[in-house]
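Listed here are the chains, written in short residue letters.
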Amino acid sequence: MEMSQEKKIEVLKDDTDHYRFQLKSNTGKTLFQSIPFDKEGDIQKTVGLLHQDIQRHFRFERKTDYAGKFQFHLKNNFGETIGQSNPYTSEAGMENGIKNLIKSITETKWP
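Now for a look at the structure at hand.

Parameters at a glance
- Residues numbered from 1 in each chain as written.
- Predicted model: local features only at pLDDT ≥ 70, side-chain atom pairs only at ≥ 80, totals over all residues.
- Heavy atoms only, no water.
- Helix = DSSP H or I, 4+ residues; strand = E, 2+ residues; numbered from the N terminus.
- Buried < 20%, exposed > 50% of the residue type's maximum accessible area, 1.4 Å probe, protein only.
- Contact = heavy atoms within 4.5 Å.
- Pairing = 2+ DSSP bridges.
- Axes fitted to C-alpha atoms, helices over the stretch in contact; angles between N-to-C directions.
- Expected span 1.5 Å × (residues − 1).
- Arc of directions from axis to C-beta.
- Core = buried A, V, L, I, M, F, W, Y, C linked by side-chain atoms within 4.5 Å.

### Examining the environment of arginine 59
Then comes step 1: Within the element layout of this structure, arginine 59 appears in strand 4 (residues 59-64).
Then comes step 2: Arginine 59 sits in the partly exposed class, given a relative accessible area of 43%.
Then comes step 3: Distance from arginine 59 to aspartate 38, taken between C-alpha atoms, is 22 Å for residues 21 residues apart in sequence.
Then comes step 4: With residues near it in sequence (within four places) discarded, arginine 59 still touches His73, Leu74, Lys75 and Gly79.

So this is what it looks like as structure tokens:
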């Protein structure tokens, strides 16, 4: 049986009436989670821009926490953080995560 390679962007409403999106792998693992958005329209616009050209409208900020874990934040063209990755144990893993996120976004169907 062949496993689907489809990635999935999910928009969720949390218990504080904010919206978030997350990108999941075909195995269901969350690759990336956004910050909360007040309006569903704002999140729809942001996700739409992801598909137009992630490398033109967005940039990655690389960070290291106090425990030596690596993480990246995705920022829009105004410099506002729209989400972050899970922590990585190595810088190479983080860089690979960025490459995989870009690839996943370009391959994901939306809406």
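Moving on from the model shown.
### Looking at the sheet that holds strand 1 (residues 8-13)
Then comes step 1: As summarised here, the arrangement of the 6 strands in space is 1-2-3-6-5-4, forming an open sheet in which the pairing is antiparallel. The sheet is open, and its two edges are formed by strand 1 and strand 4, each paired on a single side. Adjacent strand axes in the sheet meet at a mean angle of 25 degrees, parallel and antiparallel pairs treated alike.
Then comes step 2: For strand 3 (residues 30-34) and strand 6 (residues 81-84), the ladder comprises 2 bridges, and the chain directions are antiparallel. Of the residues in strand 6, the one forming a bridge with serine 34 is glycine 83.

### Remarks on helix 2 (residues 91-107)
Then comes step 1: If you check helix 2, its first and last C-alpha atoms are 24 Å apart, about what 17 residues at 1.5 Å a residue would give, namely 24 Å.
Then comes step 2: Taken residue by residue, helix 2 has Met94, Gly97, Ile98, Leu101, Ile102, Ser104 and Ile105 as its buried positions. Buried residues of helix 2, seen end-on, are gathered within an arc of 165 degrees and therefore sit on one face of the element. The exposed residues of helix 2 that point more than 90 degrees off its buried face are Ala92, Lys99 and Thr106.

### Comments concerning the pairing of strand 3
Then comes step 1: As paired strands, strand 2 (residues 19-24) and strand 3 are joined by 3 bridges and run antiparallel to one another. Paired with leucine 23 across the two strands is phenylalanine 32, which belongs to strand 3.
Then comes step 2: Connecting the antiparallel pair strand 2 and strand 3 is a turn made up of 5 residues, with glycine 28 showing a positive phi of about 95 degrees.

### Overview of the nonpolar core
Then comes step 1: Grouped together as the largest cluster of nonpolar side chains are 21 residues, with contacts concentrated most on Phe21 and Phe60.
Then comes step 2: Broken down by secondary-structure element, the contributors of at least two residues to this core are strand 2, helix 1 (40-57), strand 5 (70-75) and helix 2.
Then comes step 3: At 5 residues, the largest contribution of residues to this core is made by helix 2.
Then comes step 4: If we skip the residues at most four places from it in the chain, phenylalanine 21 touches Ile9, Glu10, Val11, Phe32, Gln33, Ser34, Phe37, Ile43, Thr46, Val47, Leu50 and Ile82.

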